[in-house]
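Overview (structure and organization)
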Amino acid sequence: MLFDTHAHLNDPKFDGDRAEVIRRAREEYGVQTILNVGYNKETIATSLKLAEEYEFIYSAVGWHPHDAKDCTDADLEWIRSLTTHPKVVALGEMGLDYYWDNSPRDVQAQVFRRQIALAKETGLPIIIHDRDAHEDVVRILKEEHAEEVGGVMHCFGGDLRIMEEVLKLNFMIGLGGPVTFKNAKEPKEVAKEVPLDRLLIETDCPYLAPHPYRGNRNETGYVRLVAEKIAELRGMSPEELAEATRANAIRLFKLEKVLNA
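This write-up is about the structure you can find in this document.

Attention now moves to the environment of A133. Mapped onto the secondary structure, A133 falls in the loop between β5 (126-131) and α5 (134-143). Taking the C-alpha atoms as reference points, A133 and I79, 54 residues apart in sequence, are found 24 Å from one another. If near-sequence neighbours (up to four positions away) are discounted, A133 is found in contact with L96 and Y98.

Structure follows, in structure tokens:
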């Protein structure tokens, strides 16, 4: 019943065994649905190709803050044109990254705002990338009235106060591998306190592999380990956690007619 709501299976790290990784996720780990995320010109194209190849893989399209300096009007128009693709269910990942600062912060903010406007225009939910930029991300979401479409704060790294701000803005909380790390205090607190109907699980593969694979290539199947840890923290069964988070993802990405038929 698992739904991995954030994967990068089109990453070159999977070029040698992509089909096997996907098979293993389905048959050995119980992953039924995957949202694969494209975040620049190259990865949007390969993410769509993957979604077209596999019935149970969907795609998000957006422009990552790392690459904001390279984003053109034509690129945003291209993303707009892709929002009618039958396998595109979200816009992103988009947002701010103050850890790497690969693009000037004012440019990151401008590209972020323009994509929020595009989401409001098309009605698609937003996938947020937020690294060391919690206050500015929340401020921009408020100023741009992103609550009109909502979305998910992917790989949430904030504390309980930021979580409450995000929830008020009609966003869900996405948790992945870090919740399994031994010294990850804040992700564990968030995992216990976030309302169950606002929680999503993810891998961000090939990055952020959960324990005991930390430091190795992450796989979409490892979302089961994330589900098991969160279930343990919340005092519920992994099956209940998987069912609830899958239902949340189906609702957010408007897949009821496809996946609940």
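Still to come is the rest of the account.
Formed by 72 residues in total, the largest nonpolar core has its most connected members in L9 and L141. Apart from the residues within four sequence positions on either side, L141 is in contact with F112, I116, I128, A146, E147, M153, L169 and F171. Membership of the second largest hydrophobic core comes to 16 residues, among which are F3, V152, L200 and A249.

A separate point is the sheet that holds strand β3 (residues 57-61). In sheet architecture, strand pairing relies on hydrogen bonds along the backbone and comes in two forms, parallel and antiparallel. The parallel open sheet is built from 8 strands, whose spatial order is β1-β2-β3-β4-β5-β6-β7-β8. Each of the sheet's edge strands pairs with one partner strand only, and the pair in question is β1 (2-7) and β8 (199-201). Put simply, the sheet's adjacent strands are angled 30° from each other on average, direction ignored. Where helix α6 (residues 160-168) meets the sheet, it contacts β6 (151-153) and β7 (171-175), and its direction lies at approximately 135° from that of β7.

Moving on, we come to the packing of aromatic side chains. In this description, a pair of aromatic rings is defined by centroid distance and the angle of the planes. Following the criterion strictly, the structure yields 5 aromatic pairs and no others. Both rings, one in Y213 and one in Y222, keep their centres 4.2 Å apart while their planes meet at 5°; by these two values the pair is stacked. Exposure remark for Y213: the relative accessible area of 29% places this residue in the partly exposed category. Within the aromatic cluster, the residues linked to one another by ring pairs are Y29, Y213 and Y222. Residue placement shows K87 over the ring face of Y58; its charged tip is 4.9 Å from the ring centre. The ring of Y99 has R131 lying over it, and the distance from NZ or CZ to the ring centre is 3.7 Å.

Moving on, we come to the packing of helix α3 (residues 73-82) against helix α4 (residues 105-122). Pairs of packed helices are described in terms of their axes, by the angle between the two and the distance that separates them. The contact between α3 and α4 brings their axes to 11 Å, and the two run at 25°. Here α3 is positioned roughly parallel relative to α4, judged by the angle of their axes. Considering only the axes of α3 and α4, their crossing is right-handed. In contact with D73, L76, I79 and R80 of α3, α4 contributes R114, Q115, L118 and E121. In terms of residue class, the contact of α3 with α4 is made up of 3 nonpolar, 1 polar and 4 charged.

Glancing now at helix α1 (residues 18-27). R18, V21, I22, R24 and A25 are the residues of α1 that are buried. Projection of α1 onto a plane perpendicular to its axis shows the buried side chains occupying an angular sector of 160°, all on one side. Contacts from the buried residues of α1 go to β2 (31-38), α2 (41-53) and β3.

Thresholds, definitions, all that
Residues numbered from 1 in each chain as written. Predicted model: local features only at pLDDT ≥ 70, side-chain atom pairs only at ≥ 80, totals over all residues. Heavy atoms only, no water. Helix = DSSP H or I, 4+ residues; strand = E, 2+ residues; numbered from the N terminus. Contact = heavy atoms within 4.5 Å. Core = buried A, V, L, I, M, F, W, Y, C linked by side-chain atoms within 4.5 Å. Buried < 20%, exposed > 50% of the residue type's maximum accessible area, 1.4 Å probe, protein only. Pairing = 2+ DSSP bridges. Axes fitted to C-alpha atoms, helices over the stretch in contact; angles between N-to-C directions. Phe/Tyr/Trp six-rings, centres within 6.5 Å; stacked < 30°, edge-to-face > 60°. Lys NZ or Arg CZ within 6 Å of the ring centre and 35° of its normal. Parallel < 35°, antiparallel > 145°, perpendicular 65-115°, else oblique. Left-handed = near helix turned anticlockwise from the far one by under 90°. Nonpolar A, V, L, I, M, F, W, Y, C, P; charged D, E, K, R; others polar. Arc of directions from axis to C-beta.

Any link to function would need more than the numbers given here.
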